[in-house]
2 protein chains.
Amino acid sequence: MKIIKNGYVTTPKGFKAGGYACGIKKDGLDLGMIYSEVPSATAIMATTNIVKAAPIVWCKKVMINPMKQAVIVNSGNANACTGEQGMNNVLSTAKSVGETLGIDPESVLVASTGVIGVPLPVDNILSGIKALIPNLGFSQEDGLSAAQAILTTDTVIKTIAVEIELQGVKVKIGGMAKGSGMIHPNMATMLSFVTTDAAIEADVLQNLLKETTLDSYNMISVDGDTSTNDMVTVLANGMAGNITLTEKTPDYEIFKEAFDYVHKTLAKKIIRDGEGATKFMEVKVRGAKTKDDARILAKSVVTSSLVKTAMFGEDANWGRVLCALGYSGAPFDPQKVSLVFSSQAGMITLLNDGVPITFDEDEAKKVLSETDITMTVELQEGDEKAVAWGCDLSYDYVKINGDYRS
Amino acid sequence: MKIIKNGYVTTPKGFKAGGYACGIKKDGLDLGMIYSEVPSATAIMATTNIVKAAPIVWCKKVMINPMKQAVIVNSGNANACTGEQGMNNVLSTAKSVGETLGIDPESVLVASTGVIGVPLPVDNILSGIKALIPNLGFSQEDGLSAAQAILTTDTVIKTIAVEIELQGVKVKIGGMAKGSGMIHPNMATMLSFVTTDAAIEADVLQNLLKETTLDSYNMISVDGDTSTNDMVTVLANGMAGNITLTEKTPDYEIFKEAFDYVHKTLAKKIIRDGEGATKFMEVKVRGAKTKDDARILAKSVVTSSLVKTAMFGEDANWGRVLCALGYSGAPFDPQKVSLVFSSQAGMITLLNDGVPITFDEDEAKKVLSETDITMTVELQEGDEKAVAWGCDLSYDYVKINGDYRS
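Starting afresh in each chain, residues are numbered from 1 along the sequence in its written order. Naming scheme: in the order in which they are written, chains are lettered from A and ligands are numbered from 1. Only residues with pLDDT of at least 70 get local features here, since the model is predicted, and only at 80 or more are side-chain atom pairs given and counted; chain-wide, interface and lining totals rely on the full set of residues.

Peer 1: For this particular structure, what's the right way to read the overall build of chain A?
Peer 2: The way it works is that DSSP assigns letters per residue, a run of H or I at least four long becomes a helix, a run of E at least two long becomes a strand, and they are numbered from the N terminus. Of regular secondary structure, chain A possesses 11 helices and 16 strands. Just to be clear, the radius of gyration here is over C-alpha atoms, and the globule rule we use is 2.2 Å times residues to the power 0.38. Taking 2.2 N^0.38 as the reference for a compact globule, 406 residues should give roughly 22 Å; the C-alpha atoms of chain A span a radius of gyration of 22 Å, in line with that estimate. With respect to the principal axes defined by its C-alpha atoms, chain A has extents near 70 × 55 × 35 Å. For every residue, the other C-beta atoms within 10 Å of its own C-beta are counted; 20 or more classify it as buried, 12 or fewer as exposed, and values in between as partly exposed. C-beta atoms are placed from the backbone. Out of the 406 residues in chain A, the part that is buried amounts to 61%. Whether two residues are in contact is decided by their C-beta atoms, placed from the backbone, lying within 7 Å. The long-range share in chain A, meaning contacts at least 24 apart out of those at least 6 apart in sequence, stands at 81%.

Peer 1: Would you mind going over the relation of the copies chain B and chain A with me for this structure?
Peer 2: Superposing copies: least-squares fit, C-alpha atoms only, residues required to have pLDDT of at least 70 in both. Structural alignment of chain B on chain A gives an RMSD of 0.0 Å, achieved by rotating through 180 degrees and translating 0.0 Å along the axis. As the rotation angle and translation indicate, the two copies are arranged about a two-fold axis. For chain B, the minimum C-alpha distance to the rotation axis belongs to B:Y395 and amounts to 2.6 Å. A share of 100% of the interface residues of chain B reappears at the interface of chain A, consistent with the copies meeting face to face through the same patch.

Peer 1: What exactly am I supposed to notice about the sheet that holds strand 13 (residues 346-352) of chain B here?
Peer 2: All names here are of chain B. Strand order in this open sheet of 7 strands is 9-16-11-15-12-13-14, and the pairing throughout is mixed. Only two strands of the sheet have a single partner each, and these edge strands are strand 9 (220-221) and strand 14 (355-356). Relative to strand 14, strand 13 is paired through 2 bridges, and the arrangement is antiparallel. Bridge pairing links N352 to V355 in strand 14. Working convention: axes come from line fits to C-alpha atoms, limited for helices to the stretch in contact. Angles between N-to-C directions cover 0 to 180 degrees. Along the sheet, helix 7 (residues 291-303) contacts strand 9, strand 11 (280-288), strand 15 (372-378) and strand 16 (384-391); its crossing angle with strand 16, the most-contacted strand, is approximately 20 degrees. Here, any two strands with at least 2 DSSP bridges between them count as paired.

Peer 1: Before we go on, may I ask you to explain the sheet that holds strand 14 (residues 355-356) of chain A in this structure?
Peer 2: Strand pairing in a sheet takes place through backbone hydrogen bonds and is either antiparallel or parallel in direction. Residue and element names in this part refer to chain A. Strand order in this open sheet of 7 strands is 9-16-11-15-12-13-14, and the pairing throughout is mixed. Where the open sheet ends on each side, the last strands, each with one partner, are strand 9 (220-221) and strand 14. Helix 7 (residues 291-303) rests against strand 9, strand 11 (280-288), strand 15 (372-378) and strand 16 (384-391) of the sheet, and its axis sits at about 20 degrees to strand 16.

Peer 1: Could you clarify how one ought to interpret the interface of chain B and chain A in this entry?
Peer 2: When the parts of a complex come together, some accessible area is lost, and that lost area is often used as the size of the interface. Each side of the interface is counted separately: chain B has 52 residues, and chain A has 52 residues. At the level of secondary structure, the elements contributing two or more residues to the side of chain B that touches chain A comprise helix 8 (305-312), helix 9 (319-326), strand 14 and helix 11 (395-402) of chain B. With 7 residues, helix 9 of chain B is the single largest residue contributor to the side of chain B that touches chain A. Considered class by class, the residues forming the side of chain B that touches chain A number 25 nonpolar, 21 polar and 6 charged. Classification used: nonpolar for Ala, Val, Leu, Ile, Met, Phe, Trp, Tyr, Cys and Pro, charged for Asp, Glu, Lys and Arg, polar for all others including Gly.

Peer 1: It is not clear to me how the domain arrangement of chain A should be interpreted in this structure. Could you clarify?
Peer 2: Residue and element names in this part refer to chain A. An automatic or database domain assignment is the source of the domain bounds shown. Taken domain by domain, chain A comprises domain 1 (2-272) and domain 2 (280-402). Computed over C-alpha atoms, the centres of domain 1 and domain 2 are 32 Å apart. Opposite the 13 residues of domain 1 that make contact, domain 2 presents 14 residues. Sorting the residues of the side of domain 1 that touches domain 2 by element identifies strand 9 and helix 6 (252-272) as the ones contributing at least two each. It is helix 6 that contributes the most residues to the side of domain 1 that touches domain 2, 4 residues altogether. Here the side of domain 1 that touches domain 2 is built from residues that sort into 5 nonpolar, 5 polar and 3 charged.

Peer 1: Looking at this structure, how should I read the packing of helix 8 (residues 305-312) of chain A against helix 11 of chain B?
Peer 2: In a packed pair of helices, the relevant descriptors are the angle between the two axes and the axis-to-axis distance. Between helix 8 of chain A and helix 11 of chain B, the shortest axis-to-axis distance is 7 Å and the interhelical angle comes to 75 degrees. Viewed along their axes, helix 8 of chain A and helix 11 of chain B adopt a mutual orientation that is roughly perpendicular. Contacts from A:L306, A:T309, A:A310 and A:F312 of helix 8 of chain A reach helix 11 of chain B at B:V398, B:N401 and B:G402. Roughly parallel means an angle under 35 degrees; roughly antiparallel, over 145; roughly perpendicular, 65 to 115; everything else is oblique.

Peer 1: Sorry if this is basic, but what is going on with helix 11 of chain B here?
Peer 2: Given 3.6 residues to a turn, an α-helix orients residues that are three or four positions apart in the same direction. For helix 11 of chain B, the set of buried residues is B:Y397, B:V398, B:N401 and B:G402. Down the axis of helix 11 of chain B, the sector holding all buried residues measures 120 degrees, keeping them to one side. Next to the buried residues of helix 11 of chain B lie helix 8 and helix 11 (395-402) of chain A. When we speak of the arc, we mean the arc of directions from the helix axis to the C-beta atoms.

Peer 1: Help me out: how do you make sense of the confidence of the model for chain A in this one?
Peer 2: In low-pLDDT segments, the atomic positions of the prediction should not be examined closely. Residue and element names in this part refer to chain A. Across chain A, the average pLDDT comes to 92, with 98% of residues at 70 or higher. pLDDT is a residue-level measure of predictor confidence that goes from 0 to 100. Mean pLDDT in chain A bottoms out at strand 9, which sits at 82, and peaks at helix 3 (residues 122-132), which reaches 98. Of the two predicted TM-score estimates for the complex, the pTM is 0.84 and the ipTM is 0.82.

Peer 1: Which parts of the structure should I look at to understand the pairing of strand 6 (residues 158-166) of chain B?
Peer 2: Walk down a regular strand and you will see the side chains alternate between the two sheet faces. Residues and elements named next belong to chain B. For strand 6, a buried count of 7 out of 9 residues is recorded, marking the element as mostly surrounded by other parts of the structure. As paired strands, strand 1 (residues 2-3) and strand 6 are joined by 2 bridges and run antiparallel to one another. By the bridge assignment, K2 is partnered in strand 6 with E163. Where strand 6 and strand 7 (residues 169-177) come together, 9 bridges link them in antiparallel fashion. Each bridged residue has a counterpart across the sheet, and for I160 the counterpart in strand 7 is G175.

Peer 1: When you look at the nonpolar core in this model, what are you seeing that I'm missing?
Peer 2: Across soluble globular proteins, you tend to see nonpolar side chains buried next to one another. In terms of nonpolar packing, the biggest core is built from 280 residues, with A:I34, A:A298, B:I34 and B:A298 touching the most fellow members. If we skip the residues at most four places from it in the chain, B:A298 touches B:M219, B:V283, B:V285, B:A386, B:V387 and B:A388. We define the nonpolar core as any set of buried residues of the types Ala, Val, Leu, Ile, Met, Phe, Trp, Tyr and Cys, connected via C-beta atoms lying within 7 Å of each other.

In structure tokens form, the structure reads like this:
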């Protein structure tokens, strides 16, 4: 697998993209698009929140036919809790994109992100579409522009592209995502868009995405809040010319590995840019009885406000990690747990087979003063493992969210 | 029911209390006791966290016999994740109290609160016991002293006492509690100690406490973290001389009402003094299909970091309330929801039958600038309701917990 420098959703063959400032946000790009020259096998995972934004309702509805050709995304307004008008606005958006491109509106996916409960300024979007579509392109700049247009409180773009070879055919996968608050995906994610020129059956793609999501987006948390607008979308247009992939195709595992890598990378980029984050926390749980237990335990630690504030304070208050494991709901024997904190600066063992180990506070401070901190939990209950990613809880998280709408 | 001014655990007949500075905390009282002149019918509810502090393990063990006579509590150290030595330290503590008072060590409940994973300085406690017990007393000052000794990051004591009349006999209930971080009780609470001179069957008391806990301590959250040391204890010594209470006793409902009031008051006092809290948030969910749904929904809103930061910022970002209801796990139809924010300064309707209502931002700011904010959610799904209490998430929460151990 080759990682492509400056890779975007436009990196795979046949995908155009672009961004435009239509005036929903005070300034900056706020309307992004991806367009495939040919219909693409498409998979989506969407939020499990009962309160679903109008675009989520639309996407779920039109996915009866998994061949899609375009995705339109606005930032600055979530079009959630907006009633019937919200649904009408999605319909007008899809219709306008379809007409302008000369494709079926039902082959257009719509996504929104931003403030909840404010009517969508649909006129801005409709005139934005007319301006944006003629300028879509295949270049890196076009991919970058789309990646910028989907951001809200994010401070950096999140993009990735990789190349693999399947039976001698070069296949590319590119992606872009946005965070960076209300991040605690559950069977879904914040907005993430992945393109690939691989040929793959739509149902195979959907199963693969579902599986990948469990160990990527579903293992991150910024603040424990599962959004109304979470969605991850993959469009596969087949233009690489490989033999259409199914689980039985030779080299399917190569594709799967690259696909996993792309999604995990985007998930981790969301965490690195979590609202107010100053630290990136990786929690590895090993020796769990079941995979599910491992996931639940790891996720519980990265979600704990007390673990997160301790990380912000660079304080080795490891009892909070044990506490978060203990209330996670997954069973284990506290007497068998070992816990290690590590970073570039070294490692400290806090607990060994349930027994607290006296550690040097200066050494601990050195380890925790790094930006990337790993916590490794060994349970000795079985052979399953999982990794979760989170960030610290800082003054800036409170600042950003105390006054989000103004 | 009469609320007694300056009421403490010493208010009911026959209960002595006191506090002492034994040197676990840098300064201030850190060892508290309650002693009943006669054995008391006792009920406890303890944390559901798998990682249980040593004193919790002790209390669960000795509750095979529900007649107890003393409670000893230290603050500054949780005696959790402390291995076998932690259990030995609890045993020495109970033994020392038992010997000094001339009672069975198994009739002594032990509780601890403070940092996790640091060995308990048991010598301080043992010499503290010798100094404290001769000075226990029945006065308000003694009750106050005990209430002070159990605090950690709390900024104020949490106490309450009430008086009722059962068949002409005056009965009192007194209580004290401590918060104020790692507060997200689950079938339990942070430390709360309630005394009553009522005569009541131990199993009736236990059932009553279990029921009361569901709508008091279990409905509060400061930070979503369920502690390793949560415990609520009630001692009923029968010295009021009322006819022993069972569910069938006349006036049982009067006792139940006063009992509920005491526990809800303590739970709310914990929230008012939540770490860094500047706001007190009451979330009422009405018209739920089941009582459990109502509780889950209300609790989800007070736990949401995004709702809490919006309250801190006095921002009517009501979409976050809908979002938190939506991911709670309890089913409802978003199209039927109504939502109102209110305070002393007035009220604003945000959502009516699922339709967003345009509101005046200045009016909203006025309502949210008060300290006590009520959010009322009407679901139109059934007749059940619940109330949860929470606080905002402020810079000070991050500050307090970024550097808790130093």
